[in-house]
Amino acid sequence: MKVFISADIEGIAGVMRPEQCSPGNVEYETARGLMEQEVNAAIAGAFDGGATEVVVADSHAMMKNLRAANIDPRARLVQGKPRALSMLEGLQNQPYDGMMFVGFHSAAGEHGVLAHTINGSAFYRVKINGSVMAETDLYAALGAECNVPLWLVTGDDCLQAWVNRRYPQVEYVCVKRAISAHAAESISPQAAQEKLRERAAQSVKAAPNHIERRFGCPYKLELMVLKPVLADLFCMVPGVTRLDAVTVGFSSSTMAGIISLLGAFSYLASTQK
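Below: a short report on this structure. Quick caveat: nothing in here was measured; it's all calculated off a predicted structure.

### As for the packing of helix α2 (residues 135-145) against helix α6 (residues 255-269)
Next up, step 1: Following both chains from N to C, one finds α2 and α6 inclined at 140°, their axes separated by 9 Å at the closest point. By the criterion of interaxial angle, the relationship of α2 to α6 is oblique. By crossing handedness, the relation of α2 to α6 is classed as left-handed. Here Leu 138, Tyr 139, Ala 141, Leu 142 and Glu 145 of α2 come into contact with α6, specifically with Met 255, Ala 256, Ile 259 and Leu 262.
Next up, step 2: By residue class, the composition of the contact of α2 with α6 is eight nonpolar, no polar and one charged.

Now the structure itself:
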């Protein structure tokens, strides 16, 4: 039984402020420790449930948040960027039985703690085939393309409502209530880790094979950016079209192609600060 875990930081219990997500300050060091603990709870739960192999993709910002020495040694760790499949890099290398998304958050333009989609300083709204995308949606669709079901998601109550509507078969661990974009009421880290380990074990034992395929190809991306200059820049990429002053479009036969393009856009956006 092989399990793939993608780990972000904004949906971790006790994390609610931007400075907690940015390296270079003591608040980040505390937050990355909480992230490591929830990831380890998911790993332990997966093995409790019968997993024989677990791979974890460090998936926040520069994707080097998890300190290897602090992670359960039974798991393998994917870190660093750029990487073609971003938050699911490694999923393409072998068959997996299921995925877990730990510490995820709401979509850009939606309610939720630290809500954004991929790049909060550049992307205002991401749509595929007319539907607003959270990172959960993008990577669930990429998993579906690789025939890997999504088993478990963790984060705040706003994302929980989103997941429950769109992926009713998926287990969810709610670790905090969103008060505002930068405020939350969290359960204790220990309680979050205990719940996560228990639900992860249950998910692996059940091993549901249902895959929610919400979209069919071609995949039509609409990306609304925060500044027209970003749309100017993105339209220099072959195949990208201008839809209006702040929106660009792109069509792909694969979700992998959409994910790679969004990663490239995110990198390009960093040149316009």
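This is not the end of the story, as more comes after the structure.
### A few points about the packing of aromatic side chains
Given two aromatic rings, one states the distance between the centres and the angle between the planes to describe the pair.
Next up, step 1: Tallied over the entire structure, the rule returns four aromatic pairs.
Next up, step 2: Taken together, a centroid distance of 4.1 Å and an interplanar angle of 10° make the contact between Phe 234 and Phe 265 stacked. Of this pair, Phe 234 sits in helix α5 (residues 228-234) while Phe 265 sits in helix α6, and the two are 31 residues apart along the sequence.
Next up, step 3: Judged by its relative accessible area of 1%, Phe 265 falls in the buried class.
Next up, step 4: Pairwise contacts between aromatic rings join Phe 123, Phe 234 and Phe 265 into one cluster.
Next up, step 5: Here the basic side chain of Arg 166 rests over the ring of Trp 162, its NZ or CZ set 3.5 Å away from the ring centre.

### So, the nonpolar core
Soluble globular proteins tend to bury their nonpolar side chains together.
Next up, step 1: Grouped together as the largest cluster of nonpolar side chains are 55 residues, with contacts concentrated most on Val 153, Leu 223, Phe 234, Leu 262 and Phe 265.
Next up, step 2: By residue number, the principal contributor to this core is α6, which donates seven residues.
Next up, step 3: Among all residues touching Val 153, those that are not within four sequence positions of it are Phe 101, Phe 104, Thr 136, Leu 159, Val 163, Val 170, Glu 171, Tyr 172 and Val 173.
Next up, step 4: With 38 residues, the next largest nonpolar core counts Ala 13, Ile 43, Ala 51 and Val 56 among its residues.

### Notes on the pattern of salt bridges
Next up, step 1: Inspection of every chain in the model, using the stated rule, returns 12 salt bridges.
Next up, step 2: For Arg 177, the salt bridge is made with Glu 185, and the minimal N-O distance between the two is 2.8 Å.
Next up, step 3: Judged by its relative accessible area of 41%, Arg 177 is partly exposed.
Next up, step 4: Two residues, Asp 232 and Arg 242, come together in a salt bridge whose shortest N-O distance is 2.9 Å. Of the two residues, Asp 232 is situated in helix α5 and Arg 242 in strand β11 (residues 241-244); the sequence distance between them amounts to 10 residues.
Next up, step 5: Arg 242 sits in the partly exposed class, given a relative accessible area of 37%.
Next up, step 6: A cluster of three or more residues bridged by salt bridges with shared partners is formed by Glu 29, Arg 32, Glu 36 and Arg 67.

### As for empty space enclosed by the protein
Next up, step 1: Applying the stated criterion across every chain, the model contains one cavity of 30 Å³ or more.
Next up, step 2: Of the voids in this model, the largest cavity is the one considered here, and its volume is about 130 Å³.
Next up, step 3: Taken together, Ala 140, Val 148, Pro 149, Leu 150, Trp 151, Tyr 167, Gln 169, Val 170, Pro 208, His 210, Ile 211 and Glu 212 form the lining of the largest cavity.

### So, the sheet that holds strand β3 (residues 76-78)
Next up, step 1: The strand order β3-β2-β1-β4-β7-β8-β9 describes an open sheet built from seven strands, whose pairing is mixed. In this open sheet, the two strands that pair with only one neighbour each are β3 and β9 (183-186). Sheet twist, expressed as the mean angle between neighbouring strand axes with direction ignored, is 20°.
Next up, step 2: Bridge count between strand β1 (residues 2-7) and strand β2 (residues 53-58): six bridges; the pairing is parallel. The partner of Lys 2 across the bridge, within β2, is Glu 53.
Next up, step 3: Sitting on the sheet, helix α3 (residues 157-166) is in contact with β7 (150-156) and β8 (171-180), with an inclination near 135° to β8.
Next up, step 4: Most of the contacts of helix α4 (residues 189-206) go to β8, to which it runs at about 145°, and overall it touches β1, β4 (98-102), β7 and β8.

Parameters and conventions
In this numbering scheme, every chain counts its residues from 1 along its sequence in written order. Reporting of local features is limited, given that this is a predicted model, to residues whose pLDDT is at least 70; pairs of side-chain atoms are given and counted only at 80 or more, and all residues count toward the totals for whole chains, interfaces and linings. The side-chain quantities take in all heavy atoms of the structure and omit both hydrogens and water. Comment: axis = line fitted to C-alpha atoms, over the contacting stretch for helices; angle = value between 0 and 180 degrees taken between N-to-C directions. The secondary structure listing takes helices from DSSP runs of H or I that are at least 4 residues long and strands from runs of E that are at least 2 residues long, numbered from the N terminus. Roughly parallel means an angle under 35 degrees; roughly antiparallel, over 145; roughly perpendicular, 65 to 115; everything else is oblique. Handedness of a crossing is defined here by the sense of rotation of the near helix relative to the far one, left-handed for an anticlockwise turn of less than a right angle and right-handed for a clockwise turn. Two residues qualify as a contact provided that any one of their heavy atoms is within 4.5 Å of a heavy atom in the partner residue. The nonpolar class holds Ala, Val, Leu, Ile, Met, Phe, Trp, Tyr, Cys and Pro. Asp, Glu, Lys and Arg form the charged class, and all remaining residues, Gly among them, are polar. Classification of ring pairs uses Phe, Tyr and Trp, with its six-membered ring standing for Trp, and accepts pairs whose centres are within 6.5 Å; under 30 degrees between planes counts as stacked, over 60 as edge-to-face, and the remaining range as tilted. Think of it in three bands: residues with accessible area under 20% of the maximum for their type are buried, residues over 50% are exposed, and the middle band is partly exposed, with areas taken using a 1.4 Å probe on protein chains only. Placement of a charge over a ring requires the Lys NZ or Arg CZ to be within 6 Å of the ring centre, with the centre-to-atom vector within 35 degrees of the ring normal. Grouping buried Ala, Val, Leu, Ile, Met, Phe, Trp, Tyr and Cys residues that are joined through side-chain atoms within 4.5 Å yields what is termed a nonpolar core. Should a side-chain nitrogen of Lys or Arg be within 4 Å of a carboxyl oxygen of Asp or Glu, the pair is scored as a salt bridge. Grid spacing is 1 Å over the protein atoms alone, the probe is 1.4 Å, and a cavity is where that probe fits but cannot get out, while a pocket is an open set with protein on both sides within 12 Å along at least five of seven lines and lining residues have an atom within 4 Å of a point. Grid points are joined across faces, edges and corners, and a volume is the space filled by probe spheres set on the points. When DSSP finds two or more bridges between two strands, those strands count as paired.

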